[in-house]
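# Remarks on the overall topology
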Amino acid sequence: MRQLPYLGENRQPKHEGRMSQNQPSPWWSPSIHADRRPILLARGRIEAEVRAWLAAHDFLMVDPPGLQLSPGNETHLHAFGTTMIGNDGVGKAMYLHTSPEFTMKKLLAAGERRIASLGHVWRNRERSALHHPEFTMLEWYRAGEGYDAIIADCVELLRIAARATNVAALRFRDRECDPFAAPERLSVVEAFARHAGIDLLASMDADGVTDGAQLAGQMLALGFDVPADRSWSYLFSRILVEKVEPNLGMGRVTVLDRYPAAEAALARRAADDRRVSERFELYACGVELANGFGELTDADEQRRRFLAEMAEKERIYGERYPLDDDFLAALALMPEASGVALGFDRLVMLATGAPRIEAVLWAPVAE
């Protein structure tokens, strides 16, 4: 799922039950669990239907390990680190993965064609109604197939979740989305123009190199409060979160397509325009549910992108993660493919109308 600067969200009470006026009841309180249990059972039905659909479409379920040499190499992706100690007593830095992507692409290089994983991933520095430090990700890949096939998969899985919970619409707070309606497909450039009045292409050159000052100038002219010395990526994220996302997936699903190449570190560029990439996101009720790519398989280009991302991460956060050289080596053998990561907990939220992610987790991480 997308890694952009986390801009925060208003916090709300975790649940209604209370031990006293000031202290909320724990999730394991019998009365609280009894209230939550119908949603948890619905989660199980959705999972069963999703697994059945994947099996019927010849996807092999794989089980990537959570412990990795590198958690991923995107600027705003934050991992949980640990130390693995060998029999010799020597420690080695390791990380809990933020996505099973690197392992799954190695499996594609090994010869697998259609694979899927449904398991836990970990991301630090994020907690809100839609974010949790440990969550469940559904990720799948189609070797030799374009990303239109993956987009169609995503739309079908939303419909499966709605049928499993016997609802006609997905819901988040006061927003609704009909998953059975034909989805809207909108490029990022079109979305920025329509919902924010921003000409995004004007802030990129013919090769996709970005111009933060140009974008800041457009934002200032439109009345945005623009902090000094902010990067193009930060400004892009501000506009996306504040102006664009709240309008997506309203009434029907939105496929937000053709992301700027600068915001798609693992996607290949579009064949007809180097400024944009084969990257899409899926939205319902203003909530991002999935992030997919036509996968980049050029190892040299991928290394350059990762190094640039880690330099920017070090500049902003004062840290960087190692590169997975085995992953980069595997890209030389990986076939053309498309892949996507879908936030399973968010899908359950929308299918059950739950207001917060903790409501659909069997056991939320303690705060």
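Please refer to the structure higher up on the page.
First things first, this report covers the structure right here in the doc.

Basis of the calculations
Residues numbered from 1 in each chain as written. Predicted model: local features only at pLDDT ≥ 70, side-chain atom pairs only at ≥ 80, totals over all residues. Heavy atoms only, no water. Helix = DSSP H or I, 4+ residues; strand = E, 2+ residues; numbered from the N terminus. Polar contact = N/O pair within 3.5 Å; in protein donor to acceptor, adjacent residues only side chain to side chain. Contact = heavy atoms within 4.5 Å. Pairing = 2+ DSSP bridges. Buried < 20%, exposed > 50% of the residue type's maximum accessible area, 1.4 Å probe, protein only.

### Digging into the side chain of Gln68
Mapping Gln68 onto the fold places it in strand β2 (residues 67-68). Within the structure, the side chain of Gln68 is placed 3.3 Å from the side chain of Thr103, a separation counted as a polar contact. Residue contacts for Gln68: discarding those within four places in its chain leaves Met94, Tyr95, His97 and Thr103.

### Examining unusual backbone geometry
Despite not being glycine, Asp58 has its phi angle at roughly 65°, a positive value. With a phi close to 70°, Arg125 is a non-glycine residue in the positive phi region. Its location among the elements puts Arg125 in the loop between β5 (114-122) and β6 (134-143).

### Some thoughts on the sheet that holds strand β4 (residues 91-96)
Strands sit in the order β2-β4-β3 across an open sheet of three strands; the sheet is antiparallel. Every interior strand has two partners, whereas the edge strands, β2 and β3 (81-85), have only one. Two strands pair when backbone bridges link them, and β2 and β4 are joined in this way by two bridges, in the antiparallel orientation. Within the sheet, the bridge partner assigned to Gln68 lies in β4 and is Tyr95.

### Side note on helix α2 (residues 101-110)
Taken across its 10 residues, α2 has seven buried, putting it largely inside the fold. Among all positions in α2, only Glu101, Phe102, Thr103, Met104, Lys105, Leu108 and Ala109 are buried. After α2 finishes, the residue Gly111 shows a positive phi value of roughly 125°.

### Considering the environment of Gln302
In this structure, Gln302 sits in helix α7 (residues 299-317). Taking the C-alpha atoms as reference, Gln302 lies 9.0 Å from Leu331; in sequence the two are 29 residues apart. Residues in contact with Gln302, not counting those within four places in the same chain, are Ala265, Leu266, Leu296, Phe327, Leu328 and Leu331.

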